[in-house]
Amino acid sequence: ISKKMKCILVFALLSIAMCLAYPAAPEAEIISLASEVTADEYNYNYETSDGSKQEQHGHLKNLGPEEDVLQVAGSFSYQGDDGKLYSVTYTADENGYQPQGEHIPHL
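**Re the pairing of strand β3 (residues 53–64)**
Stage number 1. Taken together, the seven bridges between strand β2 (residues 41–48) and β3 define a ladder with antiparallel strand orientation. Residue pairing in the sheet places Y46 in a bridge with Q54 of β3.
Stage number 2. Between β2 and the antiparallel strand that follows it, β3, lie four residues; G51 among them carries a positive phi value of about 95°.
Stage number 3. Two strands pair when backbone bridges link them, and β3 and strand β4 (residues 67–79) are joined in this way by eleven bridges, in the antiparallel orientation. Across the sheet, the residue bridging to G64 is E67, located in β4.
Stage number 4. In textbook terms, the turn of a hairpin is the stretch between consecutive antiparallel strands, and for β3 and β4 this stretch comprises two residues, one of which, E66, has a positive phi near 55°.

This is the structure:
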């Protein structure tokens, strides 16, 4: 397995593990889960019975000779303790993590 493939695979598996480890209501169950990993990209999505959802995809972008960066985009939503639905979309790349959502302050 190439170094790029190992990086993508590790990132994808860690992302899924972190998402599934997020403390959901005890009665929430995973109702759908899909993931795909190839040599240069990955994607996954899931939905739980409490309405929480997440999807993410990433791919390698070549910035120059021997310089690749992982570009990631995705979204997640969940119902907060206040009963409101919170949604976040984000990108993560050579410019850092950039989340967007109505409840996130704009700088």
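**Looking at the packing of aromatic side chains**
Stage number 1. Scanning the entire structure with this criterion turns up four aromatic pairs.
Stage number 2. Arranged with centres 6.3 Å apart and planes meeting at 45°, the rings of F76 and Y90 form a pair that is tilted. You can see F76 sitting in strand β4 and its partner Y90 sitting in strand β5 (residues 85–93), a full 14 residues away along the chain.
Stage number 3. Judged by centre distance (5.7 Å) and plane angle (40°), the ring pair of Y90 and Y97 falls under tilted.
Stage number 4. Grouped by ring-pair contacts, the aromatic residues F76, Y78, Y86, Y90 and Y97 constitute a single cluster.

**Focus on the environment of Y86**
Stage number 1. Looking at where Y86 falls in the secondary structure, it is placed in strand β5.
Stage number 2. Sequence separation between Y86 and I104 is 18 residues; the distance between their C-alpha atoms is 9.8 Å.
Stage number 3. Residue contacts for Y86: discarding those within four places in its chain leaves F76, S77, Y78, G80 and H103.
Stage number 4. A polar contact is formed between the side chain of Y86 and the side chain of D82, at a distance of 2.4 Å.

**Observations concerning the sheet that holds strand β1 (residues 30–37)**
Stage number 1. Taken together, six strands build an open sheet; the order of strands is β1-β2-β3-β4-β5-β6 and the sheet is antiparallel. Of all the strands in the sheet, just β1 and β6 (96–100) have a single pairing partner and so form its edges. Direction aside, neighbouring strands of the sheet carry axes that sit 10° apart on average.
Stage number 2. Note: β1 against β2, seven bridges, orientation antiparallel. Within β2, the position partnered with S32 by the bridge is E47.

Calculation criteria
- Residues numbered from 1 in each chain as written.
- Predicted model: local features only at pLDDT ≥ 70, side-chain atom pairs only at ≥ 80, totals over all residues.
- Heavy atoms only, no water.
- Pairing = 2+ DSSP bridges.
- Helix = DSSP H or I, 4+ residues; strand = E, 2+ residues; numbered from the N terminus.
- Phe/Tyr/Trp six-rings, centres within 6.5 Å; stacked < 30°, edge-to-face > 60°.
- Contact = heavy atoms within 4.5 Å.
- Polar contact = N/O pair within 3.5 Å; in protein donor to acceptor, adjacent residues only side chain to side chain.
- Axes fitted to C-alpha atoms, helices over the stretch in contact; angles between N-to-C directions.

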